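Listed here are the chains, written in short residue letters.
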Amino acid sequence: MDIAVWIVSGLLAVAYLAAGLMKTFIAKEKLVKNLPWTEDYSAGTVRFIGIAELLGAIGLIAPWLTGIAPILTPLAAVGLVIVQALAIRTHIRRHEQVIANIVLLVLALFVAATRFLQLAGTL
């Protein structure tokens, strides 16, 4: 199980790192072409989402890997579940595709649940 959760954590971290970097460092006006939902939000909100994704990506790996405050890993995964739940709501409102968001939500939920169980000593 540990190998599976590391693989999923790594894949999620790469995905959120890429998405977070894009939303944090690319001007909103340029993002609208590929991420049309950004037109509904301020540049500050889009940047905030990007920073949350970057911190989530780091939080999925660093605390558990180093053993320093490992509780932060499942908490980061829960944070990413919330990000995806809100993204799903936005995409549904805009009549956009949500399959990728659902997959990311389920994967983050898997990491959160598994890491919480490992911390509790039940896995």
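Placed above this text is the structure.
Reading the values: rules and limits
- Residues numbered from 1 in each chain as written.
- Predicted model: local features only at pLDDT ≥ 70, side-chain atom pairs only at ≥ 80, totals over all residues.
- Heavy atoms only, no water.
- Salt bridge = Lys/Arg side-chain N within 4 Å of Asp/Glu carboxyl O.
- Helix = DSSP H or I, 4+ residues; strand = E, 2+ residues; numbered from the N terminus.
- Buried < 20%, exposed > 50% of the residue type's maximum accessible area, 1.4 Å probe, protein only.
- Phe/Tyr/Trp six-rings, centres within 6.5 Å; stacked < 30°, edge-to-face > 60°.
- Core = buried A, V, L, I, M, F, W, Y, C linked by side-chain atoms within 4.5 Å.
- Contact = heavy atoms within 4.5 Å.
- Patch = residues over 30% accessible without salt bridge, like charges linked within 9 Å, V, L, I, M, F, W, Y side chains within 5 Å.
- Areas by Shrake-Rupley, 256 points an atom, 1.4 Å probe, with all protein chains shown as cover.

Chemist: If you had to explain the pattern of salt bridges to someone new, which residues and values would you point to?
Modeler: All told, the structure shown has 6 salt bridges when counted by the stated rule. Between R93 and D40 there is a salt bridge, and its shortest N-O distance comes to 3.2 Å. Of this pair, R93 sits in helix α4 (residues 72–93) while D40 sits in the loop between α2 (28–34) and α3 (43–66), and the two are 53 residues apart along the sequence. When its relative accessible area of 47% is taken as the criterion, R93 is described as partly exposed. R94 is paired through a salt bridge with D40; the nearest N and O atoms lie 3.0 Å apart. With R94 in the loop between α4 and α5 (99–120) and D40 in the loop between α2 and α3, this residue pair connects regions lying 54 residues apart in the sequence. Linked by salt bridges that have partners in common, E39, D40, R93, R94 and E96 make up one network.

Chemist: Report on the packing of aromatic side chains, specifying residues and quantitative values.
Modeler: Taken as a whole, this structure holds 1 aromatic pair when the rule is applied. A centroid spacing of 5.9 Å and a plane angle of 70° characterise the contact between W37 and Y41, whose relative ring orientation is edge-to-face. W37 sits in the buried class, given a relative accessible area of 10%. For Y41, a relative accessible area of 22% corresponds to the partly exposed category.

Chemist: Before we move on, could you go through the nonpolar core and cite the residues and values that matter?
Modeler: Of all hydrophobic cores here, the largest spans 16 residues; its most connected members are L12, Y16, L60, A77, L80, A108 and V111. Secondary-structure elements contributing two or more residues to this core are α1 (2–25), α3, α4 and α5. Of the residues forming this core, the biggest block, 5 residues, is contributed by α1. Excluding anything up to four places from it in sequence, A77 contacts L60, A108, V111 and A112.

Chemist: Give a detailed account of a nonpolar patch on the surface, specifying residues and quantitative values.
Modeler: Where nonpolar side chains cluster on the molecular surface, the patch consists of I71, L72, L75, V78, I82, L86, F116 and L119 and spans about 640 Å² of accessible area. Mapped onto the nonpolar patch, the elements with two or more residues apiece are α4 and α5. The element contributing the most residues to the nonpolar patch is α4, with 5 residues. In this fold, V78 is placed in helix α4.

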